[in-house]
Amino acid sequence: MSTHQKNDRSKGMGRRRFIGASAAALASLGLRGGDKAFGQTALSPAAVTGPKIKEYRTLGRTGFKVSDIGLGGGEVTDAALFEAVLDRGINYIDAAENYVNGQVERTIGKAMKNRDRKSVFITTKIYIRDANVTKQEVLDRSRKCLERLETDYLDCMQIHCPPTTAILKAPGFHEAMKELRADGRVRFCGLSQHGSQWNEAPETMEQLLMAAAEDGRFDLALFVYNFIQRDMSERVLKAFKEKNIAATIMKANPVGTFNWIQQEVEKVKNSGEKMPDYLPALLERVKKVADQADSFKNTYNLTNDADLLVAAYRFVLSHPDVHTVCCMVQNYAELDTYA
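As the structure is a prediction and not an experimental result, all values here were calculated from the model.

**Considering the overall build of the protein**
In terms of regular secondary structure, the protein is built from 14 helices and 10 strands. Out of the 339 residues in the protein, the part that is buried amounts to 53%. Considering only intrachain contacts with a sequence separation of at least 6, the fraction spanning at least 24 residues in the protein is 79%. Surface accessibility of the protein: about 15800 Å² in total, with carbon and sulfur atoms responsible for 48%.

**Concerning the packing of helix 5 (residues 135-149) against helix 7 (residues 171-182)**
Packing of helix 5 against helix 7 leaves a shortest axis separation of 7 Å and a crossing angle of 55°. Here helix 7 runs oblique to helix 5, going by the angle between their axes. Relative to helix 7, helix 5 is oriented so that their crossing is right-handed. Judged by residue contacts, Lys 135, Val 138, Leu 139, Ser 142 and Arg 143 of helix 5 engage Gly 172, Phe 173, Glu 175, Ala 176, Met 177, Glu 179 and Leu 180 from helix 7.

**A few points about the packing of aromatic side chains**
Inspection of the entire model under this criterion finds 9 aromatic pairs. Taking the centre distance of 3.9 Å and the plane angle of 10° together, the rings of Phe 227 and Phe 296 count as stacked. Pair noted here: Phe 227 is in the loop between strand 8 (220-224) and helix 9 (231-243) and Phe 296 is in helix 12 (residues 294-299), with a separation of 69 residues, a long-range link. For the pair Phe 227 and Phe 296, one class covers both residues: buried. For the pair Phe 296 and Phe 315, a centre-to-centre distance of 5.9 Å together with 85° between the ring planes defines the contact as edge-to-face. Here Phe 296, found in helix 12, pairs with Phe 315, found in helix 13 (residues 305-317); they are 19 residues apart in sequence, far enough to count as distant. Phe 315 matches Phe 296 in its accessibility class, with the two residues each being buried.

**Side note on the nonpolar core**
Counting 104 residues, the largest nonpolar core has Phe 82, Ile 93, Ile 108, Phe 173, Met 177, Phe 223 and Phe 240 as its most contacted members. The greatest single-element share of this core, amounting to 9 residues, is contributed by helix 13. Discounting residues that sit within four places of it in the chain, Met 177 has contacts with Val 138, Ser 142, Met 157, Val 186 and Cys 189.

**Notes on the state of the cysteines**
Evaluation of the coordinates by the stated rule reveals 0 disulfides. Unpaired in this structure, Cys 189 has its nearest cysteine sulfur neighbour in Cys 156, at a distance of 6.4 Å. A residue is classified by how much of its surface remains accessible, and Cys 189, at 1% relative accessible area, is buried.

**Structural notes on the side chain of Gln 158**
Here Gln 158 lies in strand 6 (residues 154-159). The class for Gln 158 is buried, based on a relative accessible area of 0%. Polar contacts involving the side chain of Gln 158 include one to the side chain of Asp 94, which spans 3.4 Å. Side-chain polar atoms of Gln 158 contact the backbone nitrogen of Ser 192, separated by 3.5 Å. Residues in contact with Gln 158, not counting those within four places in the same chain, are Tyr 92, Asp 94, Thr 123, Thr 124, Lys 125, Ile 126, Gly 190, Leu 191, Ser 192, Leu 220 and Leu 222.

**Section: the environment of Cys 145**
By secondary structure assignment, the location of Cys 145 is in helix 5. On the basis of relative accessible area, Cys 145 is assigned to the buried category, the value being 0%. C-alpha of Cys 145 to C-alpha of Lys 125: the two residues are 20 residues apart in sequence and 8.7 Å apart in space. Setting aside residues no more than four positions away along its own chain, Cys 145 makes contact with Glu 97, Glu 105, Thr 124, Ile 126 and Met 157.

**So, helix 13**
If you check helix 13, its first and last C-alpha atoms are 18 Å apart, about what 13 residues at 1.5 Å a residue would give, namely 18 Å. In terms of residue burial, helix 13 counts as a mostly covered element, since 11 of its 13 residues are buried. Residues Ala 306, Asp 307, Leu 308, Leu 309, Val 310, Ala 311, Ala 312, Tyr 313, Phe 315, Val 316 and Leu 317 constitute the buried set of helix 13. The opening residue of helix 13, the one whose side-chain oxygen lies 3.1 Å from the backbone nitrogen of Ala 306, is Asn 304.

**Considerations on the packing of helix 10 (residues 254-271) against helix 11 (residues 278-290)**
Angle between the axes and distance between the axes are the two parameters that describe a pair of packed helices. The interhelical angle for the contact between helix 10 and helix 11, taken along N-to-C directions, is 155°, at an axis separation of 9 Å. The pairing of helix 10 with helix 11 is recorded here as roughly antiparallel in orientation. Viewed along their axes, helix 10 and helix 11 form a crossing whose handedness is left-handed. Residues Pro 254, Val 255, Thr 257, Phe 258, Ile 261, Gln 262, Glu 264, Val 265 and Val 268 of helix 10 form the contact with helix 11, whose participating residues are Leu 279, Leu 282, Leu 283, Val 286, Lys 287, Val 289 and Ala 290. For the contact of helix 10 with helix 11, the residue count by class is 12 nonpolar, 2 polar and 2 charged.

**Examining the confidence of the model for the protein**
Taken over all residues, the pLDDT of the protein has a mean of 86, while the share at 70 or more is 84%. pLDDT under 50 marks residues 1-13. Its contacts with residues more than four places away, or in other chains, come to 3 contacts. Across residues 18-48 the pLDDT falls below 50, and counting only partners more than four positions away or on other chains, this stretch makes 53 contacts in the model.

**Some words on the sheet that holds strand 5 (residues 121-126)**
Strand order in this closed barrel of 8 strands is 3-4-5-6-7-8-9-10, and the pairing throughout is parallel. Each strand axis lies, on average, 25° off the axis of its neighbour in the sheet, ignoring direction. The pairing of strand 5 with strand 6 spans 4 bridges and is parallel. Bridged to Ile 126 within strand 6 is Ile 159. Its contacts with the sheet put helix 9 on strand 8 and strand 9 (246-250), and the angle it makes with strand 8 is roughly 165°.

Conventions and cut-offs
Residues numbered from 1 in each chain as written. Predicted model: local features only at pLDDT ≥ 70, side-chain atom pairs only at ≥ 80, totals over all residues. Heavy atoms only, no water. Helix = DSSP H or I, 4+ residues; strand = E, 2+ residues; numbered from the N terminus. Buried < 20%, exposed > 50% of the residue type's maximum accessible area, 1.4 Å probe, protein only. Contact = heavy atoms within 4.5 Å. Areas by Shrake-Rupley, 256 points an atom, 1.4 Å probe, with all protein chains shown as cover. Axes fitted to C-alpha atoms, helices over the stretch in contact; angles between N-to-C directions. Parallel < 35°, antiparallel > 145°, perpendicular 65-115°, else oblique. Left-handed = near helix turned anticlockwise from the far one by under 90°. Phe/Tyr/Trp six-rings, centres within 6.5 Å; stacked < 30°, edge-to-face > 60°. Core = buried A, V, L, I, M, F, W, Y, C linked by side-chain atoms within 4.5 Å. Disulfide = S-S within 2.5 Å. Polar contact = N/O pair within 3.5 Å; in protein donor to acceptor, adjacent residues only side chain to side chain. Expected span 1.5 Å × (residues − 1). Nonpolar A, V, L, I, M, F, W, Y, C, P; charged D, E, K, R; others polar. pLDDT = per-residue confidence, 0-100. Pairing = 2+ DSSP bridges.

Structural data, given as structure tokens:
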């Protein structure tokens, strides 16, 4: 056996021990193998005294000690649930200007009113689809984000899924960020990247993230990494470590992602509304990824979605260069599971 093979085997055994603990983790939450980990009835905040975050990691060059589980706040518009997230020790919050038409940002602002602002790392995102976007437009939209969040500053402003390197380097965006940073309104700059699975962009996720690393002006990125979509992201993680760029992860459970998109398709069908063209195509793409999960399930004897969910997150967190993994929390039972 070669040295390379021995190293891979050693890494694999370490991950196996880490991921194999998922059954015990679920048992500690009172979840049996057949129980649902998603979509459960929300409990009242007073009735929930669940687990808290145990590990914090240094978020790259930002120096911030961030919880290893973060909140991907795409659908959280309940301030009480958001406060429960903070009470569990989760201190990394990801938002965007378009999440529920700005309501997610407003919910964060409301929930943070009685909190120590410096104890939470808040990042939001703006869509840019024109490399010639003006500095003034970026300034105006960034200030609207600050207003909705009811905060004096953002820890990080991100370009939301730029499809090309030209947009990644848009002079108007970077000129605006330079001014906002000088004024103390934005501390760091970043980007998110879903990859071609979500947006059939002309450049790959790896090309865009590597370009961001080489650019030097990006301090953080949110991107896809999981037990199926590995090679591209592991090369990115290596480059980010060398540049001390913060690596935050989404879509950690590809099977859960497929189930979620499938539910969205069913919602549209049941509503009688016209099906958006992009949604069935997206479902087909995420299904192709999810269908590759059998090997992982068999390796770790994962027989149900609840076990798979925890194992998938443990897999990602077992990588030493991952700083936090964003999860979508819709109720208190899900918060328990992730924490």
